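The residues making up each chain are set out below.
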Amino acid sequence: ADTLAAAGQDYPAAIVDLYLDLPDDYPAEVNALAVSVVGQAGNPYEATRLIESYLRSNYTFDLEAAAPPPGQDAVEHFLFESQSGYFDLFSSSMAVMLRSIGIPARVAVGFAPERSDYDPATKTYLISEERAWSWPEVFFPGLGWVEFNPTPTRPVASRPGDDSAARAAAEGLGASGVGTIFVDDIFTFDTGEPVDFESLFTEVEEDNNLAARLIGWL
């Protein structure tokens, strides 16, 4: 965990070009929520853990969740209206929130086998559709893609190292899961380098009513 926190933001151009991409018409409210949640973070790893913790604490897992109304963005509907859904909605929401603040993210799909799926006689796993799963992966320079789990029905990844800063930040979210940053407006973002988290969070910390400028995630 301490290595992830120190990884920095020297993202390769190919990663920036592909994994910070968002539709031109994606809901600005998603970015506002992400900025609010990560207001106490000091680096991309802490920001990622804050968003992961926020989704795990404030949304309900439901395999029978209703689909969004025709024409409405699925992530927007999940985050602000239904507040319940299956793992695809959790992982997609985390990836979009991260991209909106300049952190490269993608959604991976596969299976999450359990111990009961293993047959010791044949030394094989029997995997059925009910083990299907998806999760977000976040890119860290020098380390590559690292998995996270915002869906509360399965545990977060356990990693060695000092994770105290990220855990303290997540615990500071309070009952609502949202920090003390109130976003009054969303700026038009300029094309450029990925957001400098150190300067961003210093700026936000100085003015709780500031809509922080995020540079060049498009």
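The rules behind these values
Residues numbered from 1 in each chain as written. Predicted model: local features only at pLDDT ≥ 70, side-chain atom pairs only at ≥ 80, totals over all residues. Heavy atoms only, no water. Salt bridge = Lys/Arg side-chain N within 4 Å of Asp/Glu carboxyl O. Helix = DSSP H or I, 4+ residues; strand = E, 2+ residues; numbered from the N terminus. Buried < 20%, exposed > 50% of the residue type's maximum accessible area, 1.4 Å probe, protein only. pLDDT = per-residue confidence, 0-100. Contact = heavy atoms within 4.5 Å. Phe/Tyr/Trp six-rings, centres within 6.5 Å; stacked < 30°, edge-to-face > 60°. Core = buried A, V, L, I, M, F, W, Y, C linked by side-chain atoms within 4.5 Å. Expected span 1.5 Å × (residues − 1). Polar contact = N/O pair within 3.5 Å; in protein donor to acceptor, adjacent residues only side chain to side chain.

## Some words on the pattern of salt bridges
For the structure on display, the rule yields five salt bridges. A salt bridge links Arg131 to Glu114; the shortest N-O distance between them is 3.6 Å. Here the residue Arg131 occupies a position in the loop between strand 5 (124-125) and strand 6 (132-140), and Glu114 occupies one in the loop between strand 3 (105-111) and strand 4 (118-119), the gap between them amounting to 17 residues. Look at Glu114 and you get partly exposed, because its relative accessible area is 33%. A salt bridge links Arg154 to Glu114; the nearest nitrogen and oxygen atoms lie 3.4 Å apart. Taken together, the residues span a long stretch of sequence, with Arg154 in the loop between strand 7 (144-147) and helix 7 (164-171) and Glu114 in the loop between strand 3 and strand 4 at a distance of 40 residues.

## Regarding the confidence of the model for the chain
Within the chain, residue pLDDT values average 80, and 76% of them lie at 70 or more. In this model residues 174-195 is a low-confidence stretch, pLDDT under 50, and it forms 56 contacts with partners more than four residues away in sequence or in other chains. Contacts for the low-pLDDT stretch residues 200-218, under 50 throughout, to residues beyond four places or in other chains number 52 contacts.

## Side note on the packing of aromatic side chains
One pass over the full model with this rule turns up 13 aromatic pairs. Ring centres of Phe78 and Phe90 lie 5.0 Å apart, and the angle between their planes is 65°; this geometry places the pair in the edge-to-face category. On the criterion of sequence distance, the pair formed by Phe78 in helix 5 (residues 74-82) and Phe90 in helix 6 (residues 87-100) is long-range, its members being twelve residues apart. Each member of the pair, Phe78 together with Phe90, is buried. Here Phe140 and Phe148 contribute two aromatic rings whose centre-to-centre distance is 6.3 Å and whose plane-to-plane angle is 40°, an arrangement assigned as tilted. For Phe140, a relative accessible area of 2% translates into the label buried. On the basis of relative accessible area, Phe148 is assigned to the buried category, the value being 2%.

## Focus on the nonpolar core
Counting 42 residues, the largest nonpolar core has Ile51, Leu55, Tyr59, Leu79, Met97, Ile101 and Phe140 as its most contacted members. Listed by contribution, the elements that provide at least two residues to this core are helix 2 (13-19), helix 3 (28-37), helix 4 (44-58), helix 5, helix 6 and strand 6. When near neighbours in sequence (up to four residues on either side) are disregarded, Met97 contacts Val30, Leu33, Ala34, Ile51, Leu55 and Leu79. One finds Phe87, Ala108, Ala112 and Trp135 within the second-largest nonpolar core, a separate group that totals five residues.

## Some thoughts on helix 4
Here helix 4 spans 21 Å end to end across 15 residues, near enough to the 21 Å set by a 1.5 Å rise per residue. Across the 15 residues that make up helix 4, a large majority, twelve, are buried. If you check which residues of helix 4 are buried, you get Pro44, Tyr45, Glu46, Ala47, Thr48, Arg49, Leu50, Ile51, Glu52, Ser53, Tyr54 and Leu55. For helix 4, the N-terminal cap is Asn43; the gap from its side-chain oxygen to the backbone nitrogen of Tyr45 is 3.0 Å.

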